[in-house]
Every structure is written in C-alpha cells, then in structure tokens.
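Now for the letters of each chain:
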Amino acid sequence: MQAEVLDYGILAVASYLVGAIPFGLLIGFSRGVDIRTVGSKNIGATNVLRSVGKPWGIATFLLDALKGFLPAFVFPMVGTRLGADFQGLEIAGLVGGVAAIVGHNFPVYLGFKGGKGVATSAGAVLGLAPWVIAIGLAVWTLMFYSLRYVSLASIAGALAAVGAGWVLYREQGLVLPIAFTVLGLLVILRHHANIKRLLNGTETRFVKKTDR
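Residues numbered from 1 in each chain as written. Predicted model: local features only at pLDDT ≥ 70, side-chain atom pairs only at ≥ 80, totals over all residues. Heavy atoms only, no water.

### Some words on helix α4 (residues 54-81)
In an α-helix, one turn spans 3.6 residues, which is why side chains three or four residues apart end up on the same side.
Move 1: In this model α4 runs 39 Å from its N-terminal to its C-terminal C-alpha over 28 residues, within 8% of the 40 Å that 1.5 Å per residue would give.
Move 2: Roughly 40° is the biggest bend found in α4, and it falls at Leu70, with proline Pro71 one to four residues downstream.
Move 3: Within the sequence span of α4, burial applies to Gly57, Thr60, Asp64, Ala65, Lys67, Gly68, Pro71, Ala72, Pro76 and Gly79.
Move 4: Taken from the residues just after α4, Gly83 is the one with a positive phi, measuring 100°. (Helix = DSSP H or I, 4+ residues; strand = E, 2+ residues; numbered from the N terminus. Expected span 1.5 Å × (residues − 1). Bend = angle between axes of the 7 residues up to and from the residue. Buried < 20%, exposed > 50% of the residue type's maximum accessible area, 1.4 Å probe, protein only.)

### Structural notes on the confidence of the model for the chain
Move 1: Summarising the model, the chain shows a mean pLDDT of 92, and 97% of its residues fall at 70 or more.
Move 2: Here helix α1 (residues 2-19) stands out as the element of the chain with the lowest mean pLDDT, 91, in contrast to helix α2 (residues 23-30), whose mean of 96 is the highest. (pLDDT = per-residue confidence, 0-100.)

### So, the nonpolar core
Move 1: Core analysis: the biggest nonpolar cluster contains 17 residues, and Val125, Val132, Tyr169 and Phe180 have the highest contact counts within it.
Move 2: What Tyr169 contacts, discounting residues up to four positions off in sequence, is Ala129, Pro130, Val132, Ala164, Leu176, Pro177 and Phe180.
Move 3: Judged by nonpolar contacts, the second largest core, of 6 residues, contains Leu25, Ile35, Ile43 and Leu110. (Core = buried A, V, L, I, M, F, W, Y, C linked by side-chain atoms within 4.5 Å. Contact = heavy atoms within 4.5 Å.)

### Some thoughts on the pattern of salt bridges
Move 1: Scanning all chains against the criterion turns up 3 salt bridges.
Move 2: A salt bridge links Asp64 to Lys67, with the nearest nitrogen and oxygen atoms 3.3 Å apart. Of this pair, Asp64 and Lys67 both sit in helix α4, 3 residues apart, roughly one helical turn. Each member of the pair, Asp64 together with Lys67, is buried. (Salt bridge = Lys/Arg side-chain N within 4 Å of Asp/Glu carboxyl O.)

### Here's the deal with the packing of helix α8 (residues 150-169) against helix α9 (residues 175-189)
Move 1: Between α8 and α9, the least distance of the axes is 8 Å, while the angle of their chain directions is 175°. Accordingly, the angle class assigned to the pair α8 and α9 is roughly antiparallel. On α9, the residues that touch Ser154, Ile155, Ala158, Leu159, Val162, Gly165, Trp166 and Tyr169 of α8 are Leu176, Pro177, Ile178, Phe180, Thr181, Gly184, Val187 and Ile188.
Move 2: Its residues assigned to classes, the contact of α8 with α9 shows 12 nonpolar, 4 polar and no charged. (Axes fitted to C-alpha atoms, helices over the stretch in contact; angles between N-to-C directions. Parallel < 35°, antiparallel > 145°, perpendicular 65-115°, else oblique. Nonpolar A, V, L, I, M, F, W, Y, C, P; charged D, E, K, R; others polar.)

### Here we look at the environment of Ala99
Move 1: Looking at where Ala99 falls in the secondary structure, it is placed in helix α5 (residues 89-105).
Move 2: Overall, Ala99 belongs to the buried group, its relative accessible area being 10%.
Move 3: Taking the C-alpha atoms as reference, Ala99 lies 25 Å from Ser40; in sequence the two are 59 residues apart.
Move 4: Excluding residues that lie within four positions of it along the chain, Ala99 makes contacts with Ala12, Ser15 and Tyr16.

### A word on the side chain of His104
Move 1: In this structure, His104 sits in helix α5.
Move 2: What makes His104 buried here is its relative accessible area of 4%.
Move 3: Setting aside its immediate chain neighbours within four residues, His104 contacts Gly19, Ala20, Asp64, Lys67, Gly114, Gly115, Lys116, Gly117 and Thr120.

Okay, here's the thing in structure tokens:
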C-alpha cells in the first residue's frame, strides 16, 4: 500500500512540474515579449496569439496540450514499465492529467499565477477519452467561428465535453464522468472574469483582419 501511494505521489509531482512549465511565457520571451504585461496578461495561447502572433499562439496551444497529454497517457505507461504499482492505467492517467492541469493553472515557477487550463485540459482528456475531446473541440469550433469569442467557445466546449463524458462513459462507472465534470467546472471557474465581461458586453471578440 505504501509503495502504491508513493508511486502515485511521484506521478502527481512529476505531472505537476511538467504542467507548470509556462510555454506561453517562454515563447513570448523568445520573441522579446513578456506576455504577462500585454493584452489580457494571461500566459495562455489566446494571449500569445493576439500579442505575439498566430504561429506562436498555435505553438503555445500545442505545447500546453502536450503537457496535459503526456501525464495522462504516457507517464502511467512509462511508470508501469518501470515497476510502478498502479491499480489500472485509467486512475493513474487521471492523477497525472489532473496534476498537470493544476500545474498549468497554479505553476510554482510563477508564484502560482498561471493560465486557464483549456489547452492542458484538452490534452489530458485526449489521453483519457479521445471522443470526449473530439466532441468538445467540435462545439468549441462551432461557437468560435459563429460568435468569435474565444472565452465563450471554451466554456461551451467544456460543457459539451462534460456532457459527452456522462453519455459515453457512464456505463463504465462514475470515475471518468465525475472527473470530466470537475475539470469542466475548473475551466469555467478560471473564466470568471470573462463571464463578467460577456454579461456586461465588454468581452473582446476575435476579429479577423478582413472584418476590420
């Protein structure tokens, strides 16, 4: 039992430290920009895209998603091969994925002031349940290209992923649906300021150059 707890603890710590890597900040620095001082001051992909450039925003999104995918999908398998006593890869994946998301949202490297966790959550869920993230991404895409609000699309995508989790995985037990619900609520809570601006009509829309 003690060995099992230790193995999960090592997995959680390693996943947290990977999740806490501030790729958006590092990419901004590589372009001579402190992303914490421009735009929304968020270290996530959307602010990097708006403040540094589209290629760099896409790179940030992919890297942030990767740091969720690796702890949820790869780390448990590697740990098992190294002799870790995990009681199933599903639980280990949840531990790794959640720890990575917490790391992104509250990174020790930046005084626990991080991003909103959308890309990292997407990467973690991709490693655990690909169809859930496929549905969430489809809803995100539809909402974004219809209304041009990244925040609203992210919230809608999170809600869709939660619903998909319950529909697709309820028969396998409550662990994954409950985990997806918690992750979805965390994404929504991290958008509390955006929600206020949406209600006040002051949220910034993502406007294409051809629309200006």
